[in-house]
Amino acid sequence: MNDKFLFGVVLGMLGGAVLVTNSVKARQMVKSGQQQVVEKAESLTKKSNKKNSK
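These notes cover the structure that comes with them. Keep in mind the model is a prediction, meaning the values are calculated, not measured.

### A look at a nonpolar patch on the surface
Judged by side-chain polarity, F5, L6, V9 and M13 come together as a nonpolar surface patch covering roughly 390 Å² of accessible area. Along the chain, the position of M13 falls in helix α1 (residues 3-22).

Here it is as structure tokens:
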């Protein structure tokens, strides 16, 4: 991969981490997003279990 691209990805990750640690609103958005992902994953596994049990 291109070194500039990797540097940009790492810089973006670090910038996002700093933003989230210093901003209450950003932290709440991250928690909300994580909760939505967990709920979706749980609903998909429940659907999968129902299909397998038939």
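### Overview of a positive patch on the surface
There is a patch of like positive charges on the surface, built from K40, K46, K47, K50 and K51. On the secondary structure map, K46 appears in helix α2 (residues 24-53). The exposed category is assigned to K46, whose relative accessible area is 55%.

### Some points on the environment of S32
Of note, S32 is situated in helix α2. Relative accessible area serves as the criterion here: at 36%, S32 is assigned to the partly exposed category. Remark: the alpha-carbon pair of S32 and V9, spanning 23 residues in sequence, is separated by 23 Å.

Conventions adopted
- Residues numbered from 1 in each chain as written.
- Predicted model: local features only at pLDDT ≥ 70, side-chain atom pairs only at ≥ 80, totals over all residues.
- Heavy atoms only, no water.
- Patch = residues over 30% accessible without salt bridge, like charges linked within 9 Å, V, L, I, M, F, W, Y side chains within 5 Å.
- Areas by Shrake-Rupley, 256 points an atom, 1.4 Å probe, with all protein chains shown as cover.
- Salt bridge = Lys/Arg side-chain N within 4 Å of Asp/Glu carboxyl O.
- Helix = DSSP H or I, 4+ residues; strand = E, 2+ residues; numbered from the N terminus.
- Lys, Arg positive; Asp, Glu negative; His and termini not counted.
- Charge placed at Lys NZ, Arg CZ, Asp CG, Glu CD.
- Buried < 20%, exposed > 50% of the residue type's maximum accessible area, 1.4 Å probe, protein only.

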